[in-house]
Amino acid sequence: MIINQLLVDLKGGSVKLTRRNFVKLVSALGASAFLTTYKSDIVAALEETKDYWHIAWLNGGACTGCTISFAQTADPDILQILTEILVGNSGMPIVLPDYMETIHLASGSLAEEFKERWKRGKDGRRILIVEGAIQDPGYCVIAGKDFREHVLDAVKYADAIIAVGQCATFGGIPAAKPNPTNAKGLADFLREEGVNKEVINLPLCPVNADQLVVTLAAVVIGAEIELDDYGRPKMFFSTNMHNDLCPYRPYYDKGQFVEVPGEGEGCKYKIGCKGPITWTDCPLRKWNNGTSYCVEAGAPCIGCSEPGWPDEFSPFYEEVSNLTSAIIDPTKLGTGIFGATLAGIGVHAVRRSLKSKKEVEENE
Amino acid sequence: MSSVVIDPVTRIEGHLRVEMRTKTLETSTGNWTVVDEAYCSGTMFRGIEIILKGRDPRDAWIITQRICGVCPAPHAEASMQAIEAAFNVKPTPLAILVRNILHGAYYIYDHIIHTYLLIGPELGVLAKYPPMVPPALGKEGIAKLSLGSSYAQALDIQRKANEIVAMWGGKFPHHQTEYPGGMAVKPTAERIAKTLSKMTEIWSWIANVMVRDFMKILEANERIGEAISTILDVDFRGLQDLGASTGNFLSYGLFPDHENYDDWLSILYSPGYRKSALINAGAWDGERKAFDLKKIEEYVRYSWYENASGLHPSEEDLPKPNKEKDEAYSWLKAPRYDKRVYEVGPLARMINTFGTKWKIPMINPVTGEDLGYFEYEVQNPQGSVIDRVAARVALTLLIATKMFDWLQEAKSYLGEKVTVKKDKVREGEGFGLWEAPRGALLHYIRVRDYRIDRYQAVVPSTWNFSPRDDFGQPGAAERALEGTWLPEMSVAKICDAIYPEKDVDLSPLGIPKKVSWGEALAPALKQLGLARLNIEKVNGSEYNTTLALLVIRSFDPCIACAVHVLRC
């Protein structure tokens, strides 16, 4: 297949990285393999644009999981390079944004001053990263100022805005029913406030470190990042877990399912895998330095890359075909392809349930 | 009296504001500003317990682990155990081993990241110990001055520990493989072998680097004590006289024995110790006492809630937030044990399991090389900064060593069932009692008609950073801050006051000069925009909050947890 030949070429390094093919290469390889294969090219490209970039990383209604996830990136050397470009020569082995309250050294009023330093950074060279949902006034107050104000102030200065994790993209757990604090994602919040600025959404719970590193590199290098209807980079979020990427898909087609978690081999559809309604590249990229991902470890996918999560994707152990919410309103969950996929699942599910009934009868 | 505010407190999880009212300490050497009273406020509220109502009980562990992305795994486990208690199902012995392995690796990451990234920088600076100071001069500084060498290695090691979590859990943060009655992950010889190989490197780093680094801090501590005693003309031994709380320590126990899970479950029904677990339960108040679940109550007089005060977690209603409530100053509630303030965390775990003298053998589990013992005696029975750090190092070593036993044992169970599946229950309730790295963690679930009817979590940082209770008793950290010195000088000046000698050799950097520790730090701090590190300005005076931050961070605050329904 052509795609396979492309992969061979890519892994052999015979295709050179440019800002024009950056996104294409990421799409073909997945964020993690892209970082490994093109490390030296990225470094070289970044060094060409060696310019003093500034990052502010704000935490709102968050659990800080995205910060911790970021510290798990597969390639600290890339981060080192980014760091040197972004904060001069601090040489911190992790990205040390001007402001990142979980990790940076300053506390209290000096920490607040760091936000001002970020704002004074060079025009066109300021990245704002937001972790956590935006809530109604009073539910998150930092240095006596509501988080909403912190965000509205920062977006005025930001040249690129990246929302990381489910909460900052689509509201996540805090926005789950009955959404006690009226939490929402950054893009929705900005729309409501009449701010017209593009937000790059990197969902998943938490954000995947390699996807964030690649996105930062793309922004710095100047590669154009194409976004889907939900603001997600297409290079990461345009493949269906179940149809396009799942290595366990043959089990599904054969009707071999895991029925008891942890026991036997098979597709995890029956223990609630949300792969069929989830658009992400987890099987390709995996997590924690390419170690594993939910389904490989034996668990069902819970669909944490999608808008409407968790409500439209739970009960998490319920089969997709039993999720009335998701089936009734497919427009909430994905683009046109979704309908087709879902119809497919419906047919499969029916066929399978008939089959399993028959098997049961036969066995009895 | 003035009021010194740190907001935000950084290098912690979440949003914490600390207000310190000061008083003047007059001694023969001068007038010094110290903390008189402290008030800790959690400033972010999400309402997780409200969100859980009406959901499938099996979803609770997936949602509640997102209370906190720093300590998601313990929330998952406490929640799963509560679900299992409500479902009346027990995990299989193999599942218990797998959980111990997954959570053991998680613990190693967490204690390391706290010791080096969160509290480490101040410790390294005060102890004049470059490996724990952040690597401000990059790779060159690491190579030539060892500046930040351990800090950089710690980042690498925590990443590897989390690769073990991902191997067994799919990913970290937020692993995905628990299930009522077992685990969704299949234990295989390959997973065990890969874990052993990673643990070999991690164990060796803990024994050779982390333990050594702590011993260096301990050596310097004496010097810190002498210097501060001289400056202030008070009796100050060192970091053991910084951050004392109440001397009451609560632990729920950690890492059950896979062959004796009934002992693990026993404290849900009667007072006990969980003695078969690696870490025991207990309510130490100067001596070892059995832990009694009935004695926990949550008070809300000073919290932004309208709920009734002094109730047991199983009786509490869903939180009713009221941001305008009179007297209230925090989204955190005030949990109390037997109506008194108890400290939770690594020190509580160690004291309730081993008393105040610890002797942990350091024998390389792979090579058999004997590295002697990690020995430590608790220096302040009320708890202190140095004792809390010591406990974290001791636990990291203890757990890393135990990982090899669990892995070997899991091998002998291969092929046996990992899960006895239980999907639902019509009516039921249950507690999950576990330890997050920051301390004792309780989850409670009540199921009615197959759905979650009520959910409560009483979490470690709520214990440690609680506001005052209805009796007016300050929380553990509020108490620990009392008496803390707020020097009116910069970080570099403090360093020069402790270490006046000019013996830091800069020649490896091509600067043929010897300078004092403070002189070496000052330009590095300035270059990073940190010349005014930890300084808060109040009414024209400048106070250095370094010591106060050490006290706060010694509890390893995790405020998203503490205010899962609160707001900090």
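Residues numbered from 1 in each chain as written. Chains lettered and ligands numbered in written order. Predicted model: local features only at pLDDT ≥ 70, side-chain atom pairs only at ≥ 80, totals over all residues.

(A) Up close: the environment of Pro500 of chain B. One can find Pro500 of chain B in the loop between helix 14 (491-498) and strand 15 (504-505). Note: C-alpha distance between Pro500 of chain B and Arg11 of chain B (489 residues apart in sequence) is 29 Å. (Helix = DSSP H or I, 4+ residues; strand = E, 2+ residues; numbered from the N terminus.)

(B) Quick look at the domain arrangement of chain B. All names here are of chain B. Under the domain assignment used here, chain B contains domain 1 (3-490 + 532-562) and domain 2 (492-531). Placing the centre of domain 1 and that of domain 2 at their C-alpha centroids yields a distance of 34 Å. Elements with a contribution of two residues or more to the side of domain 1 that touches domain 2: helix 6 (138-145) and helix 8 (189-232). Per-element tally for the side of domain 1 that touches domain 2: the top contributor is helix 8, with four residues. (Domains from an automatic or database assignment.)

(C) Expanded view of the pairing of strand 1 (residues 54-59) of chain A. Residue and element names in this part refer to chain A. Here strand 1 lies mainly inside the structure; six of its six residues are buried. Side chains His54, Ala56 and Leu58 project from strand 1 onto one buried face, and the interleaved Ile55, Trp57 and Asn59 project onto a second face that is buried too. When strand 1 meets strand 3 (residues 126-131), the two strands line up parallel, connected through six bridges. Opposite Trp57, over in strand 3, you have Ile129 as the bridge partner. Of the strand pairs in this sheet, strand 1 and strand 2 (residues 99-100) are connected by two bridges, and their pairing is parallel. Pairing of Trp57 across the sheet is with Met100, part of strand 2. (Buried ≥ 20, exposed ≤ 12 C-beta atoms within 10 Å, placed from the backbone. Pairing = 2+ DSSP bridges.)

(D) Region of the structure containing the sheet that holds strand 6 (residues 160-164) of chain A. All names here are of chain A. Taken in spatial order, the five strands make up an open sheet running 2-1-3-6-7, and their pairing is parallel. The open sheet is flanked by strand 2 and strand 7 (199-202), the only strands paired with a single partner. Note that strand 6 and strand 7 share four bridges and pair parallel. Residue pairing for strand 7: Ala163 is matched across the bridge by Asn201.

(E) Seen up close, the nonpolar core. In terms of nonpolar packing, the biggest core is built from 298 residues, with Val164 of chain A together with Val98, Ile101, Ala394 and Ala548 of chain B touching the most fellow members. Of the residues forming this core, the biggest block, 16 residues, is contributed by helix 11 (residues 385-412) of chain B. Other than its neighbours up to four places away in sequence, Val164 of chain A contacts Cys66, Ile129, Val130, Glu131, Leu202, Val207 and Leu212 of chain A. (Core = buried A, V, L, I, M, F, W, Y, C linked by C-beta atoms within 7 Å. Contact = placed C-beta atoms within 7 Å.)

(F) Molecular detail of the packing of helix 4 (residues 93-118) of chain B against helix 11 of chain B. Residue and element names in this part refer to chain B. The N-to-C vectors of helix 4 and helix 11 enclose an angle of 150°; their axes lie 9 Å apart at closest approach. Viewed along their axes, helix 4 and helix 11 adopt a mutual orientation that is roughly antiparallel. Seen from above, helix 4 lies across helix 11 with left-handed handedness. Considering only residue class, the contact of helix 4 with helix 11 consists of 16 nonpolar, six polar and three charged. (Axes fitted to C-alpha atoms, helices over the stretch in contact; angles between N-to-C directions. Parallel < 35°, antiparallel > 145°, perpendicular 65-115°, else oblique. Left-handed = near helix turned anticlockwise from the far one by under 90°. Nonpolar A, V, L, I, M, F, W, Y, C, P; charged D, E, K, R; others polar.)

(G) Inspection of helix 7 (residues 108-119) of chain A at higher detail. Within helix 7 of chain A, the full set of buried residues consists of Gly108, Ala111, Phe114, Lys115 and Trp118 of chain A. In an axial view of helix 7 of chain A, the angular spread of the buried residues amounts to 100°, which keeps them on one side of the axis. As for helix 7 of chain A, its buried residues are in contact with strand 1, strand 2 and strand 3 of chain A together with strand 1 (3-6) and strand 17 (535-538) of chain B. (Arc of directions from axis to C-beta.)

(H) Representation of the interface of chain B and chain A in the model. Each partner contributes residues to the interface: chain B has 76 residues there, and chain A has 65 residues. Of all the secondary-structure elements, those providing two or more residues to the side of chain B that touches chain A are helix 1 (48-52), helix 2 (60-64), helix 6, helix 7 (149-169), strand 5 (182-183) and strand 17 of chain B. Broken down by element, the side of chain B that touches chain A gets its largest block of residues, nine residues, from helix 7 of chain B. Here the side of chain B that touches chain A is built from residues that sort into 37 nonpolar, 19 polar and 20 charged.

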